[in-house]
Amino acid sequence: MGNWQRQWINFAEGRIQLALWSTFVKWIILGGIVGILSGTASAFFLKSLDYVSELRVSHSWLLYLLPLGGAVVSYLYMRFGKNSSKGNNLILEQIGEGNETIPLRMAPLVLVGTLITHLFGGSAGREGTAVQMGGSLAEWFGRLIRINPMDRKILLMCGISGGFGSIFGTPLAGTLFGLEVIAIGLISHKALLPCFAASFVGDQVTTRFWGVHHIHYLVGEVPAMSFTVLIKVIIASILFGLVSILFSELTHFLKRTFTALFKNPMLKSAIGGFIIIALVFIVGSRDYLGLGIPLIQDSFQTDVSPFAFLWKLIFTSFTLGTGFQGGEVTPLFAIGATLGNALAGILHVYGPFLASLGFIAVFCGATNTPIACFLMGIELFGSTSAIYMFIACLVSYLFSGHSGIYTSQLIGISKSHLLSIPEGTTLASAHSLRKRKSADKEKQ
């Protein structure tokens, strides 16, 4: 090899390293800025959420204002929301091939809407709020620096990761959630570094700078690996996946039904508020209002009602199905944990152990994000039961089918080679396709 050839190789390698360093620095900075924005927004939201939740618990009469609160939330979205009403689905669409703008007003709207929902007793979560705030702030920042269309998609994924990681205190799960949730079966590694930067910085800003403390749960005893325990975990995980389908499909059904019955969104949400009040009297308990964190804590400490998971599922589906704002994930944690606790007695397995599997597996089935949910399990419960957690996520992911809480989520790769899915299919279009096939069979 001649001297000029060696010089050319060294020059080429130097250019490659320079390009790699440039990309590294660029996305550490951009992802970190999104993390600062989303982490600060999450910290404000979490502190505000604690405040309104304490108000609701100490002033029980606030529940009777839930219909009014729902009407106010719907009015705000009618008056100012525009395409913000699409929520998380708007962000997923824009990361795909969408040409709409994610407005900055999405952040304050979903923040106020979620706080009103929790103040008066709606059953909802916080992930949707954090993701929407993170996505809208990332979009605003991208417009501010005039980022190109390809980098805009990565920045929006950073917004999802930053919001998720900071709201739950799980930076690794937040990283993978922003990558996995876009399309079932596909992960974009080009966004791995930016999403990690956003999720890690967002979590650090929330906890260290703003002093927010996240709740962690003790699993305790983990059964030794055996064929019997393995079979029991698989059986429970199949049920976790099926319950995630029930939650997703019921929520979507209620949204379609109430939208068809009540053309005025304010009336629709007011009716939803009356239904939640009626459910409280039917059940005789307020345990299923709000986030459901006391239900989760009880699942790791004592026995809960065998139907607690079903009541929490119904309360949350009616809350979100009638137009109230908030996320689905924390209620899904509660549904999964209480279901795991209930199954523990039937399957003769240690309750907190099965509650921890249900915690992540029902969430996994509803969001189709098995790796993110597995990492969340490790971050929240430790790695002692890592094998069981991975099995639970995989089985629930498979048995949840092509359903989920995000209708704009793409089906990148079918979960079964026996199910043919056209390219570009979303969960919503897959549902429409199933309905058409069912109608055709009935005609035949």
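Just above, that's the structure.
It should be emphasised that the depicted structure is a prediction, and the values quoted were computed from it without experimental measurement.

Rules used in this analysis
Residues numbered from 1 in each chain as written. Predicted model: local features only at pLDDT ≥ 70, side-chain atom pairs only at ≥ 80, totals over all residues. Heavy atoms only, no water. Phe/Tyr/Trp six-rings, centres within 6.5 Å; stacked < 30°, edge-to-face > 60°. Helix = DSSP H or I, 4+ residues; strand = E, 2+ residues; numbered from the N terminus. Buried < 20%, exposed > 50% of the residue type's maximum accessible area, 1.4 Å probe, protein only. Lys NZ or Arg CZ within 6 Å of the ring centre and 35° of its normal. Salt bridge = Lys/Arg side-chain N within 4 Å of Asp/Glu carboxyl O. 1 Å grid on protein atoms, 1.4 Å probe; cavity = no way out; pocket = protein on both sides within 12 Å on 5 of 7 lines; lining within 4 Å. Points joined across faces, edges and corners; volume = space filled by probe spheres on them. Nonpolar A, V, L, I, M, F, W, Y, C, P; charged D, E, K, R; others polar. Expected span 1.5 Å × (residues − 1). Polar contact = N/O pair within 3.5 Å; in protein donor to acceptor, adjacent residues only side chain to side chain. Core = buried A, V, L, I, M, F, W, Y, C linked by side-chain atoms within 4.5 Å. Contact = heavy atoms within 4.5 Å. Lys, Arg positive; Asp, Glu negative; His and termini not counted. Disulfide = S-S within 2.5 Å.

Novice: So what's going on with the packing of aromatic side chains? Which residues, and what values?
Specialist: Enumeration over the complete set of coordinates arrives at 20 aromatic pairs. Measuring from ring centre to ring centre gives 5.0 Å for F164 and F168, while their planes differ by 65 degrees; the resulting arrangement is edge-to-face. Residue F164 and its partner F168 are located together in helix α6 (residues 149–168), separated by four residues, close to a single helical turn. In this structure, F164 and F168 share a single accessibility class: buried. With 5.4 Å between their ring centres and 65 degrees between their planes, F168 and F333 make a pair best called edge-to-face. Here F333 lies in helix α13 (residues 329–347) and F168 lies in helix α6, a separation of 165 residues in the sequence. Counting every residue linked through ring pairs, the aromatic cluster contains F164, F168, F177, Y217, F300, F333, F359, F363 and F381. Across the ring face of Y397, the terminal group of K415 is positioned such that the distance to the ring centre comes to 4.1 Å.

Novice: Can you lay out the pattern of salt bridges for me, pointing to particular residues and giving the numbers?
Specialist: Oppositely charged side chains may form a pair once their charged atoms are brought near each other. Going through the model one piece at a time under the given rule, you end up with five salt bridges. Two residues, D151 and K26, come together in a salt bridge whose shortest N-O distance is 2.5 Å. You can see D151 sitting in helix α6 and its partner K26 sitting in helix α1 (residues 3–58), a full 125 residues away along the chain. Here K26 falls in the partly exposed class, since its relative accessible area comes to 34%. Salt bridges sharing partners connect three or more residues here, namely K86, E93 and E100.

Novice: An account of unusual backbone geometry is requested, with residue identities and associated values reported.
Specialist: One non-glycine residue with positive phi stands out, namely R146, at about 55 degrees. One can find R146 in the loop between α5 (127–144) and α6. The backbone of N368 sits at a positive phi, close to 60 degrees, despite the residue not being glycine. Within the secondary structure, N368 sits in the loop between α14 (351–367) and α15 (370–381).

Novice: How would you summarise empty space enclosed by the protein if you had to cite specific residues and measurements?
Specialist: According to the stated counting rule, one finds one cavity of 30 Å³ or more in the structure shown. Estimates place the volume of the largest cavity at around 50 Å³. Taken together, N88, L92, E127, V131, I160, F177, V181 and Y406 make up the full set of residues lining the largest cavity. For the lining of the largest cavity, the elements supplying multiple residues, two or more each, are α3 (88–95) and α5. Across the lining of the largest cavity, the residue classes break down as six nonpolar, one polar and one charged.

Novice: Now, about the layout of surface pockets: what can you tell me, with residues and values included?
Specialist: Put simply, the largest pocket is a space of about 910 Å³. Looking at the largest pocket, it is lined by 39 residues, and the ones nearest its centre are S85, K86, N89, K255 and L320. Looking at the lining of the largest pocket, the elements with two or more residues in it are α2 (66–81), α3, α5, α9 (227–261), α10 (265–283), α12 (308–321) and α17 (427–443). When grouped by side-chain class, the residues that make up the lining of the largest pocket number ten nonpolar, 22 polar and seven charged. By volume, the second largest pocket amounts to about 750 Å³. If you trace the second largest pocket, you find 36 residues lining it, with S53, I215, L291, I293 and P294 closest to the centre. Within the residue set of the lining of the second largest pocket, elements represented by two or more residues are α1, α6, α11 (293–299), α13 and α15. Of the residues in the lining of the second largest pocket, the class split is 19 nonpolar, nine polar and eight charged.

Novice: I'd love a proper account of α6, names of residues and values included.
Specialist: For α6, with 20 residues, the first-to-last C-alpha span of 29 Å sits near the 28 Å given by 1.5 Å per residue. Judged by how many residues are buried, α6 sits mostly within the fold: 17 of 20 residues are covered. Taking the backbone nitrogen of M150 as reference, a side-chain oxygen 3.1 Å away marks N148 as the first, capping residue of α6. Of the residues one or two after α6, G169 is the one with positive phi, at around 70 degrees.

Novice: An account of the nonpolar core is requested, with residue identities and associated values reported.
Specialist: Core analysis: the biggest nonpolar cluster contains 126 residues, and I160, F300, L357, F359, F363, M376 and F381 have the highest contact counts within it. The biggest single contributor to this core is α14, with eleven residues. For F359, the contacting residues outside a window of four places in its chain are Y217, I296, F300, F333, G336, A337, M376, L380 and F381.

Novice: I'd like a rundown of the side chain of E180, residues and numbers included.
Specialist: Relative to the helices and strands, E180 is located in helix α7 (residues 171–180). Buried and without a salt bridge, E180 has K415 as its closest oppositely charged side chain, separated by 10 Å. Excluding residues that lie within four positions of it along the chain, E180 makes contacts with L186, I187, N368, T369, P370, I371, A372 and Q409.

Novice: Summarise the state of the cysteines; cite the residues concerned and give the values.
Specialist: Summed over all chains, the structure comprises zero disulfides. In this structure C195 is not part of a disulfide, and its nearest cysteine sulfur, from C158, lies 4.6 Å away. On the accessibility criterion, C195 (0% relative accessible area) is buried. No disulfide involves C393; its nearest neighbouring cysteine sulfur is the one of C364, lying 4.6 Å away.

Novice: How would you summarise the side chain of S161 if you had to cite specific residues and measurements?
Specialist: Examined against the element boundaries, S161 turns out to sit in helix α6. For S161, a relative accessible area of 0% corresponds to the buried category. Excluding anything up to four places from it in sequence, S161 contacts G174, T175, G178, C195 and S199.

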